[in-house]
Amino acid sequence: MSLVADDHETAQGRSGSGRDLRLTAVTKSYGTFTAVKSLDLVVPEGSFFALLGPSGCGKTTTLRMVAGLDVPTSGTIALGDREITYDKPYKRPVNTVFQNYALFPHLSIAENVAFGLKRRGVKDTKAKVAEMLELVELGEQGAKKPFQLSGGQQQRVALARALINNPEVLLLDEPLGALDLKLRRGMQIELKRIQTEVGLTFVHVTHDQEEAMTMADTVAVMNAGVIEQMGAPEALYDNPESTFVANFLGQSNLLAGDILGPDGDVVKVSIQGTTVSIPSDRSHADGTRGWVGIRPEKVMIAEVGGEIDAPGNRFEGGVVSDVSFVGVSTQYLVRMPWGQELMVFEQNTGRRPIFAVGTPVDLSWRPEYAFLLDASQDASAGVEDGDD
Amino acid sequence: MSPLHKLGRWIGEHLILALGILVLVYMFVPIGIVALMSFNDPASRNVYRFDGFTLDNWLNPCEPAGMCASVVRSVEIGLLATLVATILGTLAAFALVRHRFVGRGPLNTLIILPMAAPEIVLGSSMLALFVSAGFGGKLGFWTIFIAHVTFCLSFVIITVRARLSGLDDNLEQAAMDLYATENQTFWRVTFPLVFPGILGAALLSFSLSFDDFIITNLNAGQTVTFPMYVWGVAQRGIPMQVNVIGTAMFVIAVAIVLANEVSRRRQAKIAA
Amino acid sequence: MTHQPQEAVVEPDAVGLGPSGTDPTPPVRVRGRGRLTGYWLMLPGALWLGLFFLVPFYSLIAMSLYDPEGSSLTGYDMTWHVANYVDVIQAYWRPLLRSFWYAALATVACLVLGYVLAYAIVFKAGRWKNLMLILVIAPFFTSFLVRTLSWKLILADDGWIVNSLQFVGILGEEGRLLATPFAVVAGLTYNFLPFMVLPLFASLDKIDYRLIEAAGDLYASPRRAFLRVTLPLSMPGVVAGTLLTFIPAAGDYINSELLGSPNQRMIGNVIQNLFTNQGDYAAAGALSMTLMIVITIGVVLYIRRAGTEDLV
């Protein structure tokens, strides 16, 4: 798998064409609180871009500044060559799908959809409104009022109301947050289809990592007002550069280790006396200590002394402390001799029976999947605490 | 579950509703009596007994001297006070919800005080002002009007303020996002959404003004409003036409409110 | 390009970083084009309230300190005559106390009736909820005076209520309901009931019914669920309702005048009479102020005790 190649390049690679959305050194403070810290960002024209982060990370503030609903404390926002930092919301070719849709309750669905066209002096809106309602599969609902529609339908009206203006950038603020899981999955596919069809630039704000990864071509992970890492979803997942990204996007085992130093194109790290190697391009730590990260599904498990299909070193002396059977796979917690519990996800291939709690086991992984992170970072940063 | 237990549960389920309805009935008994008495044909000066049925009261509502004039005066004062209180109150509510300015906190307190003071005190203080300003001999239409605007103002501000602060900020932002300028946003989104609150405040103002007696009585001089007319004749025996006015007012107001409710329900039904 | 950032205002806690908090989204001031707009919008209303609500209170205080020797015909002198207060309290302490007593009785009666009604509307009325609520407000649309006069008819000496009560022996042969404290308190209760029901409705309606179900699930009997969950959660409504009932009832004189006799005179009757019939403005002013002061102190103490200072 070549996952490292285009890391960082996705966003910048295609830029240079005329209508990219460009944020330069954008900062937004409220009193002493800084919501967004000196943010630099380029969203290439026509891309599906996701801003992913936990509540309060500054992603919505960023979106609102692009929409013109907030004004940056400093920095500039530009669309192509045109600076729009201080333009009023109604002066920018940008439209928003609001979190709770913000449909006008006193207007019919058709009037809601026609709102933007009317404000720009378009006289005959009927045909375009009908066409747009058709696109979101609400052709029959034009005469109804918003409260008469279901959540999913309202969401599509909000989308149609924004899309009909043919904006250069469409902003989506947690647009699927209010829908139930099944509807959300359906809408994800739908949104992706519409984006491909109309070819607009979509900037999508969400705290749902699965949503961001399935829909976007580029994901920017935001935390505490800064972008931690940006790139294609696979690149982010496979080679996270910070503990926050490692934990917020999926799950990671982080093991404390002593960095022994580079050896060819790998870095050697000693974990509790066992030496592992990590490819240099996956090493993001300097100094003598670091966190060795490995995704649970990349960890392989075997009975003591059993064969493991991995060229790396073995970690011995583990004991299974918890087993969750989830159908396609089994999730183990394995307590290591130094007290840490590691997560291991194993496909239920049926090759051998599932280990019971208390079974002594050995663990290993292929070195090319491990990554090395800076020891100064908090190993629990970005761990989701049950919410969502 | 034993049948006895079941019965107990059934009573428990419906007892509170039954008691609640009984309280409602209690609230409507006097109104029923008023409606009934509007058809009374009093045989004697004892006007507190139903003697016989007649339509005369309804056919000649203005027979008692001065009554219809007092109704007209009350309507005039009510409309004028409502207009002024609604305009001033709506502007103030927008200021209080949408703007930050020095003195906003104290003003938020000030507006509830006129509702927290007993009417007799409010009326006394206004009379004290008029007397000390040298208007003691000129009490009448305009002093009543001023007093009514004052107590309606608080109700309007509070009603409109509640509606306005319940408004979803996102709606106005969505409008601006959809190319509506500040002015268009206000007239196409904000105002239509706040309007029901303003209308409700105006209706409330009018009925408060039309019905007020205690404050009016202190500041009316020789001017007679409808409640003052009723007060005056109550000592001597009230003409049955008073009940006609009372019933008519009630029917008109309830018809407006019910029409509103029915149209709301019909909309909800279309939705289903 | 005009660089004029909209004034964005953020309460400190709007920047909530709590577990379920969303991103900080300060409101855009849609109409906030100038810093002065707020002042202009507020000005007419504030002026009106200042001129016709605050200044009158000053006038009333001044009037209460006038020389009692003056009259509405000869005019009054400002003599800082604090003794007016002592005089009126000595002369009228009975109607003053009676007003508070009647108002308290009526408030308790309203609380019982109002709570039953509000509870029925919120939890038992189902699809008739809105209709019942409208019916609570509807009596406002007939004249207060006309409704009160109607009670005079219901409680009349040869009316069927009095006759029935005489028949079963609760009332004696000469017994009557009109011109008794009962009639006055009943009238007050009737007239101010909606002021109790509406705030009770508002606070009961906010209660998540699942809380009451949860209490039942946690082995609370219906009675305990009510006492431990429903009632405490409806306290803001109880406090607001009792205040909205008690204050106007204490100042009312229509019920005592129409349904009572001179023995049921309340403080409102006295003040009204001093103003319009006797022209004794100094005493009337002092008595008005006394009423206001006692009520204000009472309300502050009551709210302190009830512990809900964030009313309205």
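As the structure is a prediction and not an experimental result, all values here were calculated from the model.

Reading the values: the criteria
- Residues numbered from 1 in each chain as written.
- Chains lettered and ligands numbered in written order.
- Predicted model: local features only at pLDDT ≥ 70, side-chain atom pairs only at ≥ 80, totals over all residues.
- Helix = DSSP H or I, 4+ residues; strand = E, 2+ residues; numbered from the N terminus.
- Rg over C-alpha atoms; globule rule 2.2 N^0.38 Å.
- Buried ≥ 20, exposed ≤ 12 C-beta atoms within 10 Å, placed from the backbone.
- Contact = placed C-beta atoms within 7 Å.
- Domains from an automatic or database assignment.
- Axes fitted to C-alpha atoms, helices over the stretch in contact; angles between N-to-C directions.
- Parallel < 35°, antiparallel > 145°, perpendicular 65-115°, else oblique.
- Pairing = 2+ DSSP bridges.
- Expected span 1.5 Å × (residues − 1).
- Bend = angle between axes of the 7 residues up to and from the residue.
- Core = buried A, V, L, I, M, F, W, Y, C linked by C-beta atoms within 7 Å.
- pLDDT = per-residue confidence, 0-100.
- Nonpolar A, V, L, I, M, F, W, Y, C, P; charged D, E, K, R; others polar.
- Left-handed = near helix turned anticlockwise from the far one by under 90°.

Novice: Tell me about the overall build of chain C, and name the residues and values.
Specialist: Within chain C, the regular secondary structure consists of 12 helices and zero strands. Going from the N terminus to the C terminus, chain C shows its helices and strands as α-α-α-α-α-α-α-α-α-α-α-α.

Novice: Any details on the overall build of chain B? Residues and values, ideally.
Specialist: The secondary structure content of chain B amounts to 12 helices and zero strands. Secondary structure of chain B in N-to-C order comes out as α-α-α-α-α-α-α-α-α-α-α-α. In terms of C-alpha radius of gyration, chain B reaches 24 Å, well past the compact-globule figure of 19 Å for 272 residues. Each principal axis of the C-alpha distribution contributes one length, and for chain B these read about 80 × 70 × 35 Å. Across the 272 residues in chain B, those meeting the buried criterion constitute 45%. Long-range pairs, those at least 24 residues apart, make up 75% of the contacts in chain B between residues at least 6 apart in sequence.

Novice: I'd like a rundown of the domain arrangement of chain B, residues and numbers included.
Specialist: Residue and element names in this part refer to chain B. Domain assignment breaks chain B into domain 1 (1-64 + 244-272) and domain 2 (66-168 + 198-238). Between domain 1 and domain 2, the C-alpha centre-to-centre distance is 28 Å. Opposite the six residues of domain 1 that make contact, domain 2 presents seven residues.

Novice: Tell me about the packing of helix α6 (residues 119-132) of chain B against helix α1 (residues 37-64) of chain C, residues and numbers included.
Specialist: In contact at an axis separation of 7 Å, α6 of chain B and α1 of chain C are set at 80° when each is read in the N-to-C sense. Taken together, the axes of α6 of chain B and α1 of chain C lie roughly perpendicular to each other. On the side of α6 of chain B, the interface is formed by Ser124, Ser125, Met126, Ala128, Leu129 and Ser132 of chain B, while α1 of chain C contributes Phe52, Val55, Pro56, Phe57, Ser59, Leu60, Ala62 and Met63 of chain C.

Novice: Outline the pairing of strand β9 (residues 218-223) of chain A, supporting the account with residue identities and numerical values.
Specialist: Residue and element names in this part refer to chain A. Counting buried positions along β9 gives six out of six residues, so the element sits mostly inside the fold. Both faces of β9 are covered, namely the face carrying Thr218, Ala220 and Met222 and the face carrying Val219, Val221 and Asn223. Taken together, the four bridges between strand β3 (residues 48-52) and β9 define a ladder with parallel strand orientation. When the bridges of β9 are listed, Leu51 appears paired with Ala220. Relative to strand β10 (residues 226-231), β9 is paired through five bridges, and the arrangement is antiparallel.

Novice: Can you tell me about the sheet that holds strand β1 (residues 21-30) of chain A, naming the residues and giving the values?
Specialist: Residues and elements named next belong to chain A. Pairing is antiparallel in the open sheet, where four strands are placed in the order β2-β1-β4-β5. A single partner strand is all that each edge strand has here, and the edge strands are β2 (33-43) and β5 (82-83). Inspection of the sheet shows β1 paired to strand β4 (residues 74-79) by five bridges, in the antiparallel sense. By the bridge assignment for β4, Thr27 is matched with Ser74.

Novice: Mind laying out helix α7 (residues 141-165) of chain B, listing which residues take part and the relevant values?
Specialist: Helical geometry: 3.6 residues make up each α-helical turn, so side chains three or four residues apart lie on a common side. All names here are of chain B. For α7, which comprises 25 residues, the first-to-last C-alpha distance of 35 Å matches the rise-based estimate of 36 Å (1.5 Å per residue) to within 8%. The principal kink in α7, of about 30°, is found at Cys152. Burial analysis of α7 places 18 of its 25 residues in the buried class, the great majority of the element.

Novice: I'd like to hear about the nonpolar core, residue by residue, with values.
Specialist: Core analysis: the biggest nonpolar cluster contains 143 residues, and Ala118 and Leu287 of chain C have the highest contact counts within it. When residues in this core are grouped by element, the largest group, 16 residues, is from helix α2 (residues 83-124) of chain C. Composition of this core by domain shows at least three residues from each of domain 1 (1-64 + 244-272) and domain 2 (66-168 + 198-238) of chain B. With residues near it in sequence (within four places) discarded, Leu287 of chain C still touches Val88, Tyr92, Ile267, Val270, Ile271 and Leu274 of chain C. Counting 107 residues, the second-largest nonpolar core is a separate cluster that includes Cys57, Ile77, Ala235 and Leu373 of chain A.

Novice: Let's hear about the sheet that holds strand β21 (residues 371-374) of chain A: which residues, and what values?
Specialist: Residues and elements named next belong to chain A. Ordered in space as β13-β12-β11-β15-β21-β14, the six strands form an open sheet in which the pairing is mixed. In this open sheet, the two strands that pair with only one neighbour each are β13 (274-279) and β14 (283-284). Relative to β21, strand β15 (residues 289-294) runs antiparallel, the two being bridged by four bridges. Paired with Trp291 across the strands is Leu373, a residue of β21.

Novice: Talk me through the confidence of the model for chain C; I want residue IDs and the actual numbers.
Specialist: Residues and elements named next belong to chain C. Confidence in the prediction of chain C, expressed as mean pLDDT, is 81, and 85% of residues score 70 or more. Here residues 1-32 is modelled with pLDDT under 50, and outside its nearest four sequence neighbours on either side it reaches 60 contacts, counting other chains as well. Two summary scores accompany this predicted model of the complex, namely pTM at 0.80 and ipTM at 0.86.

Novice: Describe unusual backbone geometry, and please don't skip the residues or the numbers.
Specialist: Even without being glycine, Ser38 of chain A reaches a positive phi, approximately 35°. In this structure, Ser38 of chain A sits in strand β2. Its identity is not glycine, yet Tyr179 of chain B carries a phi of approximately 70°, on the positive side. Relative to the helices and strands, Tyr179 of chain B resides in the loop between α8 (169-177) and α9 (182-211).

Novice: Explain the interface of chain C and chain B to me, using residue names and the numbers behind them.
Specialist: Taken together, the contact pairs 77 residues of chain C with 75 residues of chain B. Contributing elements (two or more residues each) for the side of chain C that touches chain B: α1, α2, α3 (129-137), α4 (144-154), α9 (235-251), α10 (254-259), α11 (267-276) and α12 (281-306) of chain C. Take the side of chain C that touches chain B: its biggest share by element is 19 residues, from α1 of chain C. A breakdown of the residues in the side of chain C that touches chain B according to their chemical character gives 56 nonpolar, 15 polar and six charged.

Novice: Mind laying out the environment of Met289 of chain C, listing which residues take part and the relevant values?
Specialist: All names here are of chain C. One can find Met289 in helix α12. Met289 gets classed as buried once you count the C-beta atoms within 10 Å, which come to 23. Residues Met289 and Ile61 lie 228 residues apart in sequence; the distance between their C-alpha atoms is 6.9 Å. Setting aside residues up to four positions removed in sequence, Met289 forms contacts with Leu60, Ile61 and Ser64.

Novice: Provide a residue-level description of the packing of helix α7 (residues 209-217) of chain C against helix α8 (residues 222-233) of chain C, including the pertinent values.
Specialist: The relative placement of two packed helices comes down to the angle between their axes together with the axis-to-axis distance. Residues and elements named next belong to chain C. Across the interface, α7 lies against α8 with an axial gap of 10 Å and an inter-helix angle of 140°. Crossing hand, α7 versus α8: right-handed. For the pair α7 and α8, contact is made by Leu211, Ile212, Ala215 and Gly216 and by Ala225, Arg228, Val229 and Thr230, respectively.

Novice: Account for the environment of Ala35 of chain A, with residues named and values stated.
Specialist: Position of Ala35 of chain A among the secondary structure elements: in strand β2. Between the C-alpha atom of Ala35 of chain A and that of Thr61 of chain A, which follows or precedes it by 26 residues, the distance is 7.1 Å.

Novice: Which residues make up the environment of Leu91 of chain B, and what are the values?
Specialist: Locating Leu91 of chain B in the fold gives a position in helix α3 (residues 67-98). When the C-alpha positions of Leu91 of chain B and Arg161 of chain B are compared, they lie 9.9 Å apart, and in sequence the two are 70 residues distant. Every residue in contact with Leu91 of chain B, bar those within four places of it in the chain, is listed here: Leu41, Pro44 and Gly45 of chain C.

Novice: Describe the pairing of strand β6 (residues 94-97) of chain A, with residues and values.
Specialist: On a regular strand, each side chain points to the face opposite its neighbour's, so the side chains alternate between the two faces of the sheet. Residue and element names in this part refer to chain A. Side chains Val94 and Thr96 of β6 all project onto a buried face; the interleaved residues Asn95 and Val97 project onto the opposite face, where all are buried too. Pairing between β6 and strand β7 (residues 169-173): four bridges, direction parallel. Its bridge partner being in β7, Val94 is matched across the sheet by Val169.

Novice: Kindly report on the confidence of the model for chain B, identifying the contributing residues and their values.
Specialist: Per-residue confidence for chain B averages 88 on the pLDDT scale, and 95% of its residues sit at or above 70. Looking over chain B, one finds the lowest element-wise mean pLDDT in helix α12 (residues 241-271) of chain B, namely 81, and the highest in α3 of chain B, namely 95.

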